[in-house]
Amino acid sequence: MWIKRYFHDVIIGIEAIFDNRLKSMLTALGIIFGVAAVISMMAIGNGAEQEILEQIKMVGVNNIVVTPTATSVDGKSGSGESGGQARTKYSKGLTLLDAKAIEEVIPTVDKVSPVISFNYSAILNGKSNPVVLEGVDDSYFELFNIGLQAGEIFNDTHGEMGQPVCIIGDNIKNVFFKQEDPVGKSIKCGQVWLKVIGVVEKRDFTTSASDEMGISSSDNKIFVPVQTVLLRFKNRSLVRADEVEKANTNQKGGGMIIIGGASSEEESAEDDDKNLNQLSKIVIQVKETEQLSTTANVVKRMLLRRHSELYDFEVTIPELLLKQQQRTKNIFNVVLGAIAGISLIVGGIGIMNIMLASVMERIREIGTRQAIGASQKDIIVQFLSESTLISVFGGIIGIILGVVLSKTITAIFDIKTIVSFFSIVIAFGVSAAVGIIFGYLPAKQAAEKDPVESLRY
């Protein structure tokens, strides 16, 4: 019986909302924008978190990346002698021997892969496409969580013998092998024919990822064994006679033209790689996450000794950098969420103010209902249902607006957003709670109105 009675009070509240549509909509604006702000801010936060997790997966778990710096491979260190003599230092730069020494000597290291990168052109059937030729070990694919959509990775024979085999990226497959399986076919890179033994699966590459942290798209790369690059393409640690002659000619300022030098493809690679480091980088994976910082320090000290105390390299821990970035974004998201939460509170205060004003305007209606037998609970339920329904309807509209706003942010600003079901439930629940909390005071005040007071109006 009491359900039917209070249901009648709710119906009266709904009728009051529809009788004052414009005022009800203006009252709900604060809730609408507050909920939309919560949904969109949480979507941005979820997108940022997902992006960080994807980047951590791309750089690999527990990885350390060693890269050469622009510092010259030779240098001078001042002497404390009175004569002010300087002692010349020399470093070979980052070499394959460094990678082997790290793997053999440091016990906390699990896997190591040297990386050599050059810019070349891939050619097949008269079609040419610029690619990145990357010399790696078979462990490279495991270090960076790179899977294959077809074929297999390098085996020990490929690496030891420097065989002309390769694994191509998804984009190269689409350019040269649209209608056929590339595995077993050959493709020309520079002046060398390479047999395709595998195809890398396509990976989503976020624009905020950087090569500095070891992240790069594999879609336009041709992976070959390290020894294949050193034997068949270029070994930057070797000094050729024509390079010495060219250096001498430049020093003398002569205008001699050197014939029989490197090919145009090799010269292009030289232009891209001005350094004399044999390797472009070394990727190291440690056994446990807790050993990252300690191992990085050991690697740094070890390389300093091997490089004659010349700091011509940089040791970075991508995962720690990304986690620090994630903490920064989390703080930013908390601030944004707090601002959005404040807007919900402001919306609730707006509902309370409008409802208080409505109570003053509807004293005659309150007195009439009380005169025909409505109790204080009936009046409370009526006004509380009005504020709650306004807040709930505002929350529903706000959710729709928040989802649309999230999609718009992604489309316009290229910021990844993820609208989760949890955020929708939270926003909807908070909007309903705001209507109840901020609507109770006006409802209670309406119920306490004296029926006799209505006779004045």
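Residues numbered from 1 in each chain as written. Predicted model: local features only at pLDDT ≥ 70, side-chain atom pairs only at ≥ 80, totals over all residues. Heavy atoms only, no water.

Regarding the state of the cysteines
Here's step 1: Using the criterion set out here, one finds 0 disulfides in the structure.
Here's step 2: In this structure Cys 166 is not part of a disulfide, and its nearest cysteine sulfur, from Cys 189, lies 8.1 Å away.
Here's step 3: Owing to a relative accessible area of 0%, Cys 189 belongs among the buried residues under this scheme. (Disulfide = S-S within 2.5 Å. Buried < 20%, exposed > 50% of the residue type's maximum accessible area, 1.4 Å probe, protein only.)

Looking at the pattern of salt bridges
Side chains carrying opposite charge are able to pair once their charged atoms draw close together.
Here's step 1: Under the criterion given, the structure shown has 10 salt bridges.
Here's step 2: Residues Glu 361 and Lys 23 are paired through a salt bridge, measuring 3.5 Å at the closest nitrogen-oxygen approach. With Glu 361 in helix H11 (residues 318-361) and Lys 23 in helix H2 (residues 21-59), this pair connects stretches of sequence that are 338 residues apart.
Here's step 3: Looking at Glu 361, the relative accessible area reads 59%, which means it is exposed.
Here's step 4: On the basis of relative accessible area, Lys 23 is assigned to the partly exposed category, the value being 29%.
Here's step 5: What you see here is one network of salt bridges that share partners, running through Asp 110, Lys 111 and Glu 142. (Salt bridge = Lys/Arg side-chain N within 4 Å of Asp/Glu carboxyl O. Helix = DSSP H or I, 4+ residues; strand = E, 2+ residues; numbered from the N terminus.)

Considering the pairing of strand E1 (residues 63-68)
Here's step 1: Counting buried positions over the 6 residues of E1 gives 5, a clear majority of the element.
Here's step 2: In this structure, E1 lies alongside strand E11 (residues 281-286), joined through 4 bridges in antiparallel fashion. Bridge pairing in E11 links Val 65 to Val 283. (Pairing = 2+ DSSP bridges.)

A look at helix H10 (residues 292-306)
Here's step 1: Between the first and last C-alpha of H10 there are 21 Å, a value that for 15 residues agrees with the 21 Å anticipated at 1.5 Å per step.
Here's step 2: Residues Leu 292, Thr 295, Ala 296, Val 299, Met 302, Leu 303 and Leu 304 constitute the buried set of H10.
Here's step 3: Once H10 ends, the next one or two residues include Ser 308, with phi positive near 55°. (Expected span 1.5 Å × (residues − 1).)

Notes on the nonpolar core
A general trend in soluble globular proteins is that nonpolar side chains are found buried together.
Here's step 1: Counting residues in each nonpolar core, the largest one holds 47 residues, and the members touching the most others are Ile 102 and Ile 222.
Here's step 2: Per element, the largest residue contribution to this core is 7 residues, and it comes from strand E4 (residues 109-124).
Here's step 3: With sequence-adjacent residues up to four places away left out, Ile 102 is seen in contact with Val 109, Val 112, Ile 282, Ile 284, Val 299, Met 302 and Leu 303.
Here's step 4: Among the nonpolar cores identified, the runner-up in size contains 23 residues, and Ile 39, Leu 344, Ile 379 and Ala 446 belong to it. (Core = buried A, V, L, I, M, F, W, Y, C linked by side-chain atoms within 4.5 Å. Contact = heavy atoms within 4.5 Å.)

So, the packing of helix H12 (residues 363-371) against helix H13 (residues 376-413)
Here's step 1: Direction vectors running N to C along H12 and H13 enclose 140°, while the axes themselves pass 10 Å from each other. Of the possible angle classes, the one that applies to H12 and H13 is oblique. The way H12 lies across H13 gives a crossing that is right-handed. Across the interface between the two elements, Glu 365, Ile 366, Arg 369 and Gln 370 of H12 pack against Asp 378, Ile 379, Gln 382 and Phe 383 of H13.
Here's step 2: For the contact of H12 with H13, the class distribution of residues is 3 nonpolar, 2 polar and 3 charged. (Axes fitted to C-alpha atoms, helices over the stretch in contact; angles between N-to-C directions. Parallel < 35°, antiparallel > 145°, perpendicular 65-115°, else oblique. Left-handed = near helix turned anticlockwise from the far one by under 90°. Nonpolar A, V, L, I, M, F, W, Y, C, P; charged D, E, K, R; others polar.)

So, the packing of aromatic side chains
Here's step 1: Across all of its chains, the model carries 8 aromatic pairs by this definition.
Here's step 2: Measuring from ring centre to ring centre gives 5.8 Å for Tyr 140 and Phe 141, while their planes differ by 90°; the resulting arrangement is edge-to-face. For the pair shown, Tyr 140 and Phe 141 are each scored as buried.
Here's step 3: Through a chain of ring-to-ring contacts, three or more aromatic side chains come together here, namely Tyr 140, Phe 141, Phe 144, Phe 154 and Phe 223. (Phe/Tyr/Trp six-rings, centres within 6.5 Å; stacked < 30°, edge-to-face > 60°.)

Structural notes on the side chain of Ser 113
Here's step 1: With respect to the helices, strands and loops of the structure, Ser 113 is situated in strand E4.
Here's step 2: On the basis of relative accessibility, which here comes to 0%, the residue Ser 113 falls in the buried class.
Here's step 3: Within the local environment of Ser 113, its side chain forms a polar contact with the backbone nitrogen of Asp 137, the two atoms lying 3.3 Å apart.
Here's step 4: Beyond its immediate sequence surroundings of up to four residues, Ser 113 is in contact with Val 136, Asp 137, Ser 139, Tyr 140, Leu 143, Lys 281, Ile 282 and Val 283. (Polar contact = N/O pair within 3.5 Å; in protein donor to acceptor, adjacent residues only side chain to side chain.)

Some remarks on the side chain of Asn 129
Here's step 1: Structurally, Asn 129 is set in strand E5 (residues 127-136).
Here's step 2: Side-chain polar atoms of Asn 129 contact the side chain of Asn 220, separated by 3.5 Å.
Here's step 3: Beyond its immediate chain neighbours, meaning those up to four positions away, Asn 129 contacts Tyr 120, Ser 121, Ala 122, Asn 171, Val 175, Phe 176 and Asn 220.

Brief notes about unusual backbone geometry
Here's step 1: Phi at Asn 145 takes a positive value of approximately 55°, unusual for a residue other than glycine.
Here's step 2: You can see Asn 145 is positioned in the loop between helix H4 (140-143) and strand E6 (148-151).
Here's step 3: Taking relative accessible area as the criterion, Asn 145 reaches 34% and is therefore assigned partly exposed.
Here's step 4: Phi at Ser 308 is positive, roughly 55°, even though this residue is not glycine.
Here's step 5: Its location among the elements puts Ser 308 in the loop between H10 and strand E12 (313-316).
Here's step 6: With relative accessibility at 31%, the residue Ser 308 sits in the partly exposed group.

A few points about the confidence of the model for the protein
Here's step 1: Averaged over every residue, the pLDDT of the protein is 80; residues scoring 70 or more account for 80%.
Here's step 2: Below pLDDT 50 for its whole length, residues 76-86 participates in 8 contacts with residues either more than four positions away or in separate chains.
Here's step 3: Low pLDDT, under 50, characterises residues 253-264; the stretch is placed with 12 contacts to residues that sit more than four places away or in other chains. (pLDDT = per-residue confidence, 0-100.)

Considerations on the packing of helix H3 (residues 96-105) against H10
Here's step 1: Orientation of H3 relative to H10, taken along the N-to-C sense of each, is 135°, at an axis distance of 11 Å. Considering their axes alone, H3 and H10 lie oblique with respect to each other. Viewed along their axes, H3 and H10 form a crossing whose handedness is right-handed. Along its contact with H3, which presents Leu 97, Asp 98, Ala 101, Ile 102 and Val 105, the element H10 presents Val 299, Met 302, Leu 303 and Arg 306.
Here's step 2: Here the contact of H3 with H10 is composed, by residue class, of 7 nonpolar, no polar and 2 charged.

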